[in-house]
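Commentary on secondary and tertiary structure
Residue strings, one per chain:
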Amino acid sequence: MTTSGITLGFFYAPALCLLWLTKHAMGSALLSAPGSVTAADGGSVTVLCQYDQQFRENTKYWCKGIIYEFCSIVVKTPRTRENNRSSIRDDKEAGVFTVTMTSLRKSDQDTYWCVVARHGKNVYTKVTLRVSPAVITTTINTPTSSSPTQDEIRWWAPLRWILFISMLCCLVTTHVIAWRIKTSRKLQPHHQFQHQN
């Protein structure tokens, strides 16, 4: 590997790490929901999707499909809407939209998405619904420990900037070190040639 290849490696590795960290952490801080819920065949399930207050006026929806980009909308806001066996309600004060599915069937078992529509890229998080043949009528699985509160979401904003600046400093430092190594290697043959003369 050449020195320029090493320099590019030093430059791109922290940049890619920073990009992944920012994208992953921002999405999870802006919208949260339980990763999976289980309900009985014939029963009902309620899922709480908690969002950051900056999205109070945005459209929210519940989407079905294993791949987000190809999912089909089951039900969406702006108002409380019902669609056959599914309904959605947006509590803007609490920053939570609630999806309820009733008369569950085995065919309802699938991957769903809590989605907040916005300009650019939507914010979304995955929820897996399992329908069991048990006689339990309702199962609500909304673990509060994994759903960040508004206070937890608020502290993420300054933290992500601290992480961003730290990673940027690491990136610049690594780039400067690689540049110094490269220039010192260029100067060494020149000094050796002068000593021989």
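Data block above holds the structure.
About the thresholds
- Residues numbered from 1 in each chain as written.
- Predicted model: local features only at pLDDT ≥ 70, side-chain atom pairs only at ≥ 80, totals over all residues.
- Heavy atoms only, no water.
- Disulfide = S-S within 2.5 Å.
- Helix = DSSP H or I, 4+ residues; strand = E, 2+ residues; numbered from the N terminus.
- Buried < 20%, exposed > 50% of the residue type's maximum accessible area, 1.4 Å probe, protein only.
- Contact = heavy atoms within 4.5 Å.
- Pairing = 2+ DSSP bridges.
- Axes fitted to C-alpha atoms, helices over the stretch in contact; angles between N-to-C directions.
- Phe/Tyr/Trp six-rings, centres within 6.5 Å; stacked < 30°, edge-to-face > 60°.

Moving on, we come to the state of the cysteines. Inspection of every chain in the model, using the stated rule, returns 2 disulfides. Paired through a disulfide, Cys 49 and Cys 114 show a sulfur-sulfur distance of 1.9 Å. Across the S-S bond linking Cys 49 and Cys 114, the dihedral sits near -40°, which makes this disulfide left-handed. Highlighted residues: Cys 49 in strand β3 (residues 44–51) and Cys 114 in strand β9 (residues 110–116), separated in sequence by 65 residues. For Cys 114, a relative accessible area of 0% gives the class buried. Paired through a disulfide, Cys 63 and Cys 71 show a sulfur-sulfur distance of 1.7 Å. Between Cys 63 and Cys 71 the sulfur-sulfur dihedral comes to about 105°; the bridge is accordingly right-handed. Under the relative-accessibility criterion, Cys 71 is labelled buried at 17%. Disulfide partners in the chain, listed by the sequence order of the bonded cysteines, are 1-4, 2-3. Cys 170 supplies the cysteine sulfur nearest to Cys 169, a cysteine that is in no disulfide, at a spacing of 7.1 Å. Assessed through its relative accessible area of 43%, Cys 170 is described here as partly exposed.

Quick look at the environment of Gly 35 now. Here Gly 35 lies in the loop between β1 (31–32) and β2 (36–40). On the basis of relative accessibility, which here comes to 49%, the residue Gly 35 falls in the partly exposed class. Expressed as a C-alpha distance, the spacing of Gly 35 and Thr 111, which sit 76 residues apart in the sequence, is 9.9 Å. Not counting residues within four places of it along the chain, the set of residues in contact with Gly 35 comprises Lys 126, Val 127 and Thr 128.

Within the open sheet, the 5 strands sit side by side as β2-β10-β9-β4-β5. Their pairing is mixed. With partners counted over all chains shown, the strands left at the sheet margins are β2 and β5 (72–76), one partner each. Sheet twist, expressed as the average angle between the axes of neighbouring strands with direction ignored, equals 30°. Both strand β4 (residues 60–64) and β5 contribute to a ladder of 4 bridges, which runs antiparallel. Residue pairing in the sheet places Lys 64 in a bridge with Ser 72 of β5.

A separate point is the pairing of strand β10 (residues 123–132). Look at any regular strand and the pattern is simple: side chains alternate between the two faces of the sheet. The alternating pattern of β10 places Val 123, Thr 125, Val 127, Leu 129 and Val 131 on a buried face and Tyr 124, Lys 126, Thr 128, Arg 130 and Ser 132 on a face that is not buried. When β2 meets β10, the two strands line up parallel, connected through 5 bridges. Paired with Thr 38 across the bridge in β10 is Arg 130. Two strands pair when backbone bridges link them, and β9 and β10 are joined in this way by 7 bridges, in the antiparallel orientation. Bridged to Asp 110 within β10 is Leu 129. The turn joining β9 and β10, which pair antiparallel and follow one another in sequence, is formed by 6 residues; a positive phi near 85° is taken by Gly 120.

Two numbers describe a pair of aromatic rings. These are the distance of the centres and the angle of the planes. Per the stated rule, a full pass over the model turns up 5 aromatic pairs. Relative to Tyr 112, the ring of Trp 62 has its centre 5.0 Å away and its plane inclined at 10°; by these criteria the two rings are stacked. With a gap of 50 residues between them, Trp 62 in strand β4 and Tyr 112 in strand β9 connect regions that are remote in the sequence. Accessibility classification places Trp 62 together with Tyr 112 in one group, the buried group. Between Tyr 68 and Trp 113, the aromatic rings sit 5.8 Å apart at their centres with planes inclined by 70°, giving edge-to-face as the arrangement.

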